[in-house]
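Below are the chains, spelled out letter by letter.
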Amino acid sequence: MVPNFAPMKKTTLYLVRHGETVDNARQIMQGQTQGALNEHGRQQAIQLREQLAAESIDAFVASDLKRAVDTAAIIAESHGLPVATTPLLRERDWGGFTGRYIPDLKEAVWPDDIESLEALMARARSFIDYVCRHYPGQRVLAVGHGIINKAIQAVYYGKPMNQIARMGNAEVRILEL
């Protein structure tokens, strides 16, 4: 007799970039600094909360940086769920570029202390594994940052990062893991 196994339900990942921050508006490279949502960023998170209020979401996860945690907490309010955090979703460590005015960096020589692309991609793979392991078959909303979210999508689609469109603040993309 052959056992009757139901196929494993896929995990749905709602991948979100945090709302706009004070430093986003000032074009400052935030990297792994905490950051703070500005009023526009809070409104973006509220709008996304309203947009997703009817969605069945089982869990909320965020980067452990304040700007992502605050965005996730606003969105999670309508679902009455807590927000778990993980450093796997942190933004890329920009080393010596952190805190600098972004337009000034276009021609700058990259310092040696920037997180390598290989390390960033490994972290993105680890995050996907983390979600599948901790939330199998669930619908998970995860709030991260521009570059780590791009890396997660690059791993998911098997494409180079430069082929992944930039995410706007409080934008959501859905991945079936």
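Our subject is the structure listed above.
Residues numbered from 1 in each chain as written. Predicted model: local features only at pLDDT ≥ 70, side-chain atom pairs only at ≥ 80, totals over all residues. Heavy atoms only, no water.

Caption draft 1: The arrangement of unusual backbone geometry in detail. Non-glycine residue Gln27 carries a positive phi angle of around 60°. Among the secondary structure elements, Gln27 is positioned in the loop between helix 1 (22-26) and helix 2 (39-52). Residue Gln27 is classed as partly exposed on the basis of its relative accessible area of 38%. One non-glycine residue, Ala170, lies in the positive phi region at around 65°. Position of Ala170 among the secondary structure elements: in the loop between helix 5 (146-157) and strand 5 (172-176). Looking at Ala170, the relative accessible area reads 13%, which means it is buried. (Helix = DSSP H or I, 4+ residues; strand = E, 2+ residues; numbered from the N terminus. Buried < 20%, exposed > 50% of the residue type's maximum accessible area, 1.4 Å probe, protein only.)

Caption draft 2: Broad picture of the packing of aromatic side chains. Counted according to the given criterion, the structure contains 5 aromatic pairs. For the pair Trp94 and Trp110, a centre-to-centre distance of 5.5 Å together with 75° between the ring planes defines the contact as edge-to-face. Here Trp94 is found in the loop between strand 3 (83-86) and helix 4 (117-134), whereas its partner Trp110 is found in the loop between strand 3 and helix 4, with 16 residues between them in sequence. Look at Trp94 and you get buried, because its relative accessible area is 8%. Taking 4.7 Å as the distance between ring centres and 85° as the angle between the ring planes, the aromatic pair formed by Tyr156 and Tyr157 counts as edge-to-face. (Phe/Tyr/Trp six-rings, centres within 6.5 Å; stacked < 30°, edge-to-face > 60°.)

Caption draft 3: Local environment of the nonpolar core. Ranked by size, the top nonpolar core spans 23 residues in total, and within it Leu13, Val61, Phe127, Val140, Ala151 and Ile152 carry the most contacts. Where this core is concerned, the elements lending two or more residues are strand 1 (12-17), strand 2 (59-63), helix 4, strand 4 (139-144) and helix 5. A per-element tally of this core places helix 4 first, with 7 residues. Each residue touching Ile152, except ones within four places of it in the same chain, is listed here: Leu15, Leu89, Ala124, Phe127, Ile128 and Leu175. Membership of the second largest hydrophobic core comes to 13 residues, among which are Tyr14, Ala62, Ala72 and Ala76. (Core = buried A, V, L, I, M, F, W, Y, C linked by side-chain atoms within 4.5 Å. Contact = heavy atoms within 4.5 Å.)

Caption draft 4: The arrangement of helix 4 in detail. Look at helix 4: 25 Å from first C-alpha to last across 18 residues, which is about the 26 Å you get at 1.5 Å a residue. Taken as a whole, helix 4 has its buried residues at Leu120, Met121, Arg123, Ala124, Phe127, Ile128, Tyr130 and Val131. (Expected span 1.5 Å × (residues − 1).)

Caption draft 5: Inspection of the sheet that holds strand 1 at higher detail. Pairing is mixed in the open sheet, where 5 strands are placed in the order 3-2-4-1-5. Edge positions in the open sheet fall to strand 3 and strand 5, since each of these has one partner strand only. Geometrically, the sheet is characterised by an average inter-axis angle of 25° between neighbouring strands, direction not taken into account. Where strand 1 lies against strand 4, 6 bridges are found, and the strand directions are parallel. When the sheet's bridge partners are listed, Tyr14 is paired in strand 4 with Leu141. (Pairing = 2+ DSSP bridges. Axes fitted to C-alpha atoms, helices over the stretch in contact; angles between N-to-C directions.)

Caption draft 6: Up close: helix 2. Under the 1.5 Å per step criterion, the end-to-end length of helix 2 is 20 Å for 14 residues, consistent within 8% with the ideal 20 Å. Taken as a whole, helix 2 has its buried residues at Gly41, Gln44, Ala45, Leu48, Arg49 and Leu52. Burial along helix 2 is one-sided: seen end-on, the buried residues are contained in an arc of 140°. Set apart from the buried face of helix 2 by more than 90 degrees, the exposed residues are Gln47 and Glu50. Buried residues belonging to helix 2 abut strand 1, helix 3 (66-76), strand 4 and strand 5. (Arc of directions from axis to C-beta.)

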